[in-house]
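If you want the building blocks of each chain, they are given just below.
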Amino acid sequence: MELSSIITILLAVAIGSYLQAFTGFALGIVVLAIAVLTQTIPIAIAATIITIVAVPGIAIAMARHWQHIDRASFFKTLLGLLPGTLVGLWLLGKLEAEHTALLQLLLGGLIVAGGIALFIKPHPSQSRSSPASFVTMGVLGGLMGGMFSIPGPPLIYHYYRQPISIQAIRTSLLAFSLAMSLIRLLMQTAQGELDAGVMSLGLLAIPVAMLASWLYVRFPPQLSDLTMRRGAFALFVAMGGFISLTAVVPEADDAPPKPVVVIPPSETLSTVPPNPKLTR
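A. Local environment of the overall build of the chain. Helix and strand content of the chain: 11 helices and 0 strands. Walking the chain from its N terminus toward its C terminus, one meets helices and strands in the order α-α-α-α-α-α-α-α-α-α-α. Counting over 280 residues, the chain shows a buried share of 40%. Taking the intrachain contacts of the chain between residues at least 6 apart in sequence as the baseline, contacts between residues at least 24 apart amount to 81%. As presented, the chain carries roughly 15700 Å² of accessible surface, and 69% of it is formed by carbon and sulfur atoms.

B. Molecular detail of the pattern of salt bridges. Tallying each qualifying case throughout the model produces 2 salt bridges. Asp 70 is paired through a salt bridge with Arg 128; the nearest N and O atoms lie 2.7 Å apart. Highlighted residues: Asp 70 in the loop between α3 (43-65) and α4 (71-98) and Arg 128 in the loop between α5 (100-117) and α6 (131-148), separated in sequence by 58 residues. Two residues, Lys 94 and Glu 98, come together in a salt bridge whose shortest N-O distance is 3.4 Å. Of this pair, Lys 94 and Glu 98 both sit in helix α4, 4 residues apart, which is roughly one turn of the helix.

C. Quick peek at the environment of Leu 106. If you trace the backbone, Leu 106 turns up in helix α5. In sequence terms Leu 106 and Gly 240 are 134 residues apart; their C-alpha atoms lie 9.4 Å from each other. Not counting residues within four places of it along the chain, the set of residues in contact with Leu 106 comprises Leu 95, Met 147 and Phe 148.

D. View of the packing of aromatic side chains. If you walk through the whole model with that rule in mind, you get 6 aromatic pairs. Pairing Phe 74 with Phe 176 gives two aromatic rings, centres 5.1 Å apart and planes at 10 degrees, and the pair type is stacked. Linking Phe 74 in helix α4 with Phe 176 in helix α8 (residues 166-190), this pair joins segments that are 102 residues apart in sequence. On the accessibility criterion, Phe 74 (13% relative accessible area) is buried.

E. Layout of the environment of Ala 101. Counting through the fold element by element, Ala 101 comes out in helix α5. When its relative accessible area of 38% is taken as the criterion, Ala 101 is described as partly exposed. A sequence separation of 143 residues divides Ala 101 from Ser 244, and the C-alpha atoms of the two residues are 8.5 Å apart.

F. Quick peek at α5. The terminal C-alpha atoms of α5, which comprises 18 residues, lie 26 Å apart, in line with the 26 Å expected from a rise of 1.5 Å per residue. Among all positions of α5, only Leu 103, Gln 104, Leu 107, Gly 108, Leu 110, Ile 111, Gly 114 and Gly 115 are buried. Along the axis of α5, the buried positions cluster into a sector of 160 degrees, meaning they face one direction only.

G. Representation of the environment of Asp 225 in the model. Take Asp 225: it is sitting in helix α10 (residues 225-248). Taking the relative accessible area as the measure of exposure, Asp 225 reaches 43% and is therefore partly exposed.

H. Molecular detail of the nonpolar core. Of all hydrophobic cores here, the largest spans 39 residues; its most connected members are Val 13, Leu 32, Ile 43 and Phe 148. Among the elements of the structure, α1 (3-23), α2 (26-38), α3, α4, α5, α6, α9 (196-218) and α10 are those that each provide at least two residues to this core. Ranked by residue count, the leading element in this core is α2, at 10 residues. Non-local contacts of Ile 43, meaning those with residues more than four positions away in its chain, are made with Leu 32, Val 36, Leu 92, Glu 96, Leu 103, Gln 104, Leu 107 and Phe 148.

I. Quick look at unusual backbone geometry. Notably, Gln 39 is not glycine yet its phi reads approximately 55 degrees, a positive angle. Relative to the assigned elements, Gln 39 resides in the loop between α2 and α3. Note on Gln 39: relative accessible area 63%, which makes it exposed.

J. Spatial organisation of a nonpolar patch on the surface. On the surface, a nonpolar cluster with roughly 690 Å² of combined accessible area is contributed by Leu 37, Leu 102, Leu 105, Leu 106, Phe 242, Leu 245, Val 248 and Val 249. Where the nonpolar patch is concerned, the elements lending two or more residues are α5 and α10.

K. Quick peek at the packing of α5 against α6. Contact pair α5 / α6: the axes reach a minimum separation of 12 Å and the direction vectors enclose 120 degrees. Viewed along their axes, α5 and α6 adopt a mutual orientation that is oblique. Helix-helix and strand crossings are classified by hand; for α5 and α6 the assignment is left-handed. Contact residues: α5 offers Leu 103, Leu 106, Leu 107 and Leu 110, while α6 offers Met 144, Met 147 and Phe 148. Considering only residue class, the contact of α5 with α6 consists of 7 nonpolar, no polar and no charged.

Criteria and thresholds
- Counting of residues starts from 1 at the beginning of each chain's written sequence and follows it residue by residue.
- The predicted nature of this model means local features are confined to residues of pLDDT at least 70 and side-chain atom pairs, given and counted, to a pLDDT of 80 or more, with totals for whole chains, interfaces and linings taken over all residues.
- Side-chain calculation: all heavy atoms of the structure are included, whereas hydrogens and water are not.
- By the criteria applied, helices consist of DSSP H or I runs no shorter than four residues and strands consist of E runs no shorter than two, each listed in order from the N terminus.
- Exposure is judged per residue with a 1.4 Å probe applied to protein chains only, and the accessible area is read against the type maximum: over 50% gives exposed, under 20% gives buried, and values in between give partly exposed.
- Here a residue-residue contact requires only that any non-hydrogen atoms of the pair lie within 4.5 Å.
- Note on areas: Shrake-Rupley with a 1.4 Å probe; residue coverage comes only from the protein chains shown.
- Salt bridges are defined by distance alone: a side-chain nitrogen of Lys or Arg within 4 Å of a carboxyl oxygen of Asp or Glu.
- What counts as a ring pair is set by centres within 6.5 Å for rings of Phe, Tyr and Trp (its six-membered ring), and what kind of pair is set by the plane angle: stacked under 30 degrees, edge-to-face over 60, tilted for all other angles.
- One fewer than the residue count of a helix, multiplied by 1.5 Å, yields its expected span.
- The reported arc concerns the directions from the helix axis to the C-beta atoms and nothing else.
- As used here, the term nonpolar core means buried Ala, Val, Leu, Ile, Met, Phe, Trp, Tyr and Cys residues forming a set that is joined through side-chain atoms within 4.5 Å.
- In this scheme, patches are assembled from residues that exceed 30% relative accessible area and form no salt bridge. Like charges are connected within 9 Å, while nonpolar side chains (Val, Leu, Ile, Met, Phe, Trp, Tyr) are connected within 5 Å.
- Under this scheme, a helix contributes an axis fitted over its contacting stretch, all axes are lines through C-alpha atoms, and angles between N-to-C directions fall in the 0 to 180 degree range.
- These descriptions rest on fixed angle ranges, namely under 35 degrees for roughly parallel, over 145 for roughly antiparallel, 65 to 115 for roughly perpendicular, and the rest for oblique.
- In this scheme the crossing of two helices becomes right-handed for a clockwise turn of the near helix relative to the far one and left-handed for an anticlockwise turn of less than a right angle.
- Under this grouping Gly is polar, as are all residues other than the nonpolar Ala, Val, Leu, Ile, Met, Phe, Trp, Tyr, Cys and Pro and the charged Asp, Glu, Lys and Arg.

Geometric values such as these leave the question of function open.
Next up, the structure:
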């Protein structure tokens, strides 16, 4: 990989980690968006780097708060998350190889949905949702996690509607992210997709992500919460919209060539008079 590509991805990780300290889910969105817009690396490799970067931070947070996991729903959701992640990883390889435009369209829609999610505050229900709903949301979260390493939106919305503590919600969501990440890495290792180059770039990005997160805590932006949300919303919608647009509108280089009309030799016209010496 060229040095410029490595710098671009590390910069994307830094920006994503800084915004993630505020939004809680921006790392994957920013890295994937920049990777696609700059055509630096394929979506599959970008998703793998996101997974590698996310695991250490999630593991550290889980070591302190694992006891707050909502056990009543955790294993039901995990029951759907496991097959969903495997199918999502398979779909990623299938779409990237044969339907790149559709893959970019799905990614663009996911990024726009991430921006909209900044302003959605679901009201908790009076009672817990059914066990089947947790399995279903686990499948949806696994599909998104397997494809893009972003399992958040379905699970975030569903869990914030449950009548449980915020601490239990956040810890449970972290646990699902860790489970999805480990499943992805194990499957890619078994299939031989986790090569040394991708692993090295992922490990190189870990200290960059930690530094960016520390910078947010140490030097928070002097902006109000609403202003930050509006800025992140505008950024996500712009990136997601442009990615969707590039997927729908073909590039000029991909346009079919215009047909060339060839005139048979017998029908060609000549403006040069015949040489009488050659006709004798």
